[in-house]
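# Architecture and fold: a report
Listed here are the chains, written in short residue letters.
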Amino acid sequence: MRTALARTSFAVSATGSGRIETIAGARHAWRFRPHFHAGDEVVQVLAGRARLRLPDACREVVAGNTVVVPAGVIHRFEPVDGSGWAFSSRFVPPAANDAATPGALDALGVQAMALLAERASLRTDVEAIAQACAVSAGHLARAFRRATGSSLHNFHLLLALHEAKARLRHHASIVEAALDAGFYDQAHLNREFVRTFGLTPAAFRAGWARVA
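Thresholds applied
Residues numbered from 1 in each chain as written. Predicted model: local features only at pLDDT ≥ 70, side-chain atom pairs only at ≥ 80, totals over all residues. Heavy atoms only, no water. Helix = DSSP H or I, 4+ residues; strand = E, 2+ residues; numbered from the N terminus. Rg over C-alpha atoms; globule rule 2.2 N^0.38 Å. Buried < 20%, exposed > 50% of the residue type's maximum accessible area, 1.4 Å probe, protein only. Salt bridge = Lys/Arg side-chain N within 4 Å of Asp/Glu carboxyl O. Arc of directions from axis to C-beta. Axes fitted to C-alpha atoms, helices over the stretch in contact; angles between N-to-C directions. Parallel < 35°, antiparallel > 145°, perpendicular 65-115°, else oblique. Contact = heavy atoms within 4.5 Å. Left-handed = near helix turned anticlockwise from the far one by under 90°. Expected span 1.5 Å × (residues − 1). Polar contact = N/O pair within 3.5 Å; in protein donor to acceptor, adjacent residues only side chain to side chain. Phe/Tyr/Trp six-rings, centres within 6.5 Å; stacked < 30°, edge-to-face > 60°. Lys NZ or Arg CZ within 6 Å of the ring centre and 35° of its normal.

Turning our eyes to something else, we now look at the overall build of the chain. The helix and strand inventory of the chain stands at 8 helices and 7 strands. In terms of C-alpha radius of gyration, the chain reaches 17 Å, essentially the compact-globule figure of 17 Å for 212 residues. Considered along the principal axes of its C-alpha atoms, the chain spans approximately 50 × 40 × 35 Å. Per-residue burial for the chain yields a buried fraction of 45% across its 212 residues.

Our next topic: the pattern of salt bridges. One pass over the structure, following the stated rule, counts 11 salt bridges. A salt bridge links glutamate 78 to arginine 53; the shortest N-O distance between them is 2.8 Å. Of the two residues, glutamate 78 sits in strand β6 (residues 76-79) while arginine 53 sits in strand β3 (residues 40-54), which places them 25 residues apart along the sequence. The class of arginine 53 is partly exposed, set by a relative accessible area of 36%.

Before going further, it helps to examine helix α8 (residues 201-209). If you check which residues of α8 are buried, you get Pro201, Phe204, Gly207 and Trp208. Down the axis of α8, the buried set is contained in an arc of 130 degrees. They therefore lie on one face.

The geometry of helix α2 (residues 107-118) relative to helix α4 (residues 137-148) is characterised by a closest axis approach of 10 Å and an angle of 105 degrees between their N-to-C directions. By the angle class used here, α2 and α4 are roughly perpendicular. On the side of α2, the interface is formed by Leu108, Gly109 and Ala112, while α4 contributes His139, Leu140, Ala143 and Phe144.

Close contact between helix α5 (residues 152-169) and α8 brings their axes to 9 Å; oriented N to C, the two are set at 40 degrees. If you check the angle between α5 and α8, you find them oblique. With respect to the hand of their crossing, α5 and α8 are arranged in right-handed fashion. Each of Lys165, Leu168 and Arg169 in α5 lies in contact with α8, whose residues at this interface are Pro201, Phe204, Arg205 and Trp208.

Attention now moves to the environment of serine 88. Here serine 88 shows up in strand β7 (residues 85-92). Overall, the relative accessible area of 18% leaves serine 88 in the buried class. Once the C-alpha coordinates of serine 88 and serine 13 are considered, the two residues, 75 residues apart in sequence, prove to be 14 Å apart. Apart from the residues within four sequence positions on either side, serine 88 is in contact with Thr22, Ile23, Ala24, Val42, Val43, Gln44 and Leu46.

Relative to the elements of secondary structure, alanine 132 occurs in helix α3 (residues 126-132). A relative accessible area of 45% means that alanine 132 is categorised as partly exposed. Discounting residues that sit within four places of it in the chain, alanine 132 has contacts with Gln111 and Leu115.

This paragraph deals with helix α7 (residues 186-197). For α7, which comprises 12 residues, the first-to-last C-alpha distance of 16 Å matches the rise-based estimate of 16 Å (1.5 Å per residue) to within 8%. Along α7, the residues that are buried comprise His188, Leu189, Glu192, Phe193, Val194, Thr196 and Phe197. In this structure aspartate 185 caps α7, since a side-chain oxygen of it lies 3.2 Å from the backbone nitrogen of alanine 187. Directly after α7, the chain includes glycine 198, whose backbone phi takes a positive value near 80 degrees.

With respect to the helices, strands and loops of the structure, phenylalanine 87 is situated in strand β7. Distance in space between the C-alpha atoms of phenylalanine 87 and isoleucine 129 is 38 Å, their sequence separation being 42 residues. Discounting residues that sit within four places of it in the chain, phenylalanine 87 has contacts with Ile23, Ala24, Gly25, Trp30, Phe32, Val43, Gln44 and Leu46.

Given two aromatic rings, one states the distance between the centres and the angle between the planes to describe the pair. For the coordinates displayed, the defined rule picks out 10 aromatic pairs. Between tryptophan 30 and phenylalanine 32, the aromatic rings sit 5.9 Å apart at their centres with planes inclined by 5 degrees, giving stacked as the arrangement. A relative accessible area of 4% means that tryptophan 30 is categorised as buried. Judged by relative accessible area, phenylalanine 32 falls into the buried class, the value being 7%. A network of ring pairs unites the aromatic residues Trp30, Phe32, Phe77, Trp85 and Phe87 as a single cluster. Here the guanidinium or amino end of lysine 165 rests over the ring plane of phenylalanine 197, the centre of that ring lying 3.9 Å away.

So this is what it looks like as C-alpha cells:
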C-alpha cells in the first residue's frame, strides 16, 4: 500500500469559482472501488490503458483520452493489463458543497439512501433498511445496485467517506473526522480512503490546509 501512495500527488488550487482539487497518479495498476464525487471529475489518461465502469456502460480509455464523469455518478477505474496506467483527475466544484448524490435513484432508492445516512455506525443492516422501506432485502439490494451500480454497504461507506472529507476540508483532525463519520478508528478511515481515492486522509487534509 505504501508503494501505491508514493505514486500519487494531491493539490488544491484557488480559482474565481472556488477550490479545484487535483489528484495525479504515476503509472501503476490503479484499481478503485465503485465511488462517486461531489463535483464533475475530469480525467486525463497520461499513459497506458484503463477500463471505466459506469452503472450502465463500460469503456476503455487510453493515453491521450480525456473523460468527464458527472457529479454523483458511481464509477470505477481499473487496469486493462499488467502495464498499468497514469492519470490526472481534476474535480469541478459542485453548486453546493457535497450536495451531489446519484441522480438515477427512484423513490425506493432515495428512501434507502436517507436511511443509510442516518445510521450512526458503518454496520449496514440491509434487513432493517428493507423492512423500513416495506420491501424484501433481496428486492432492495437488486433495485439499488441496478440504479446505482453499487451495493448498499458500499454506498453506505461512500456516504461516510464524503462526510469525513467535508470535516477534513474544515481542518478537523483525522481521528475526529474518522469517528464523527462512523469509522471504527483512524486506521479504518485511512484504509478505506486509500482504496477509494488513491491517497491518505492526511494528504487530503494537508492539501486543503495549504490553501486555507
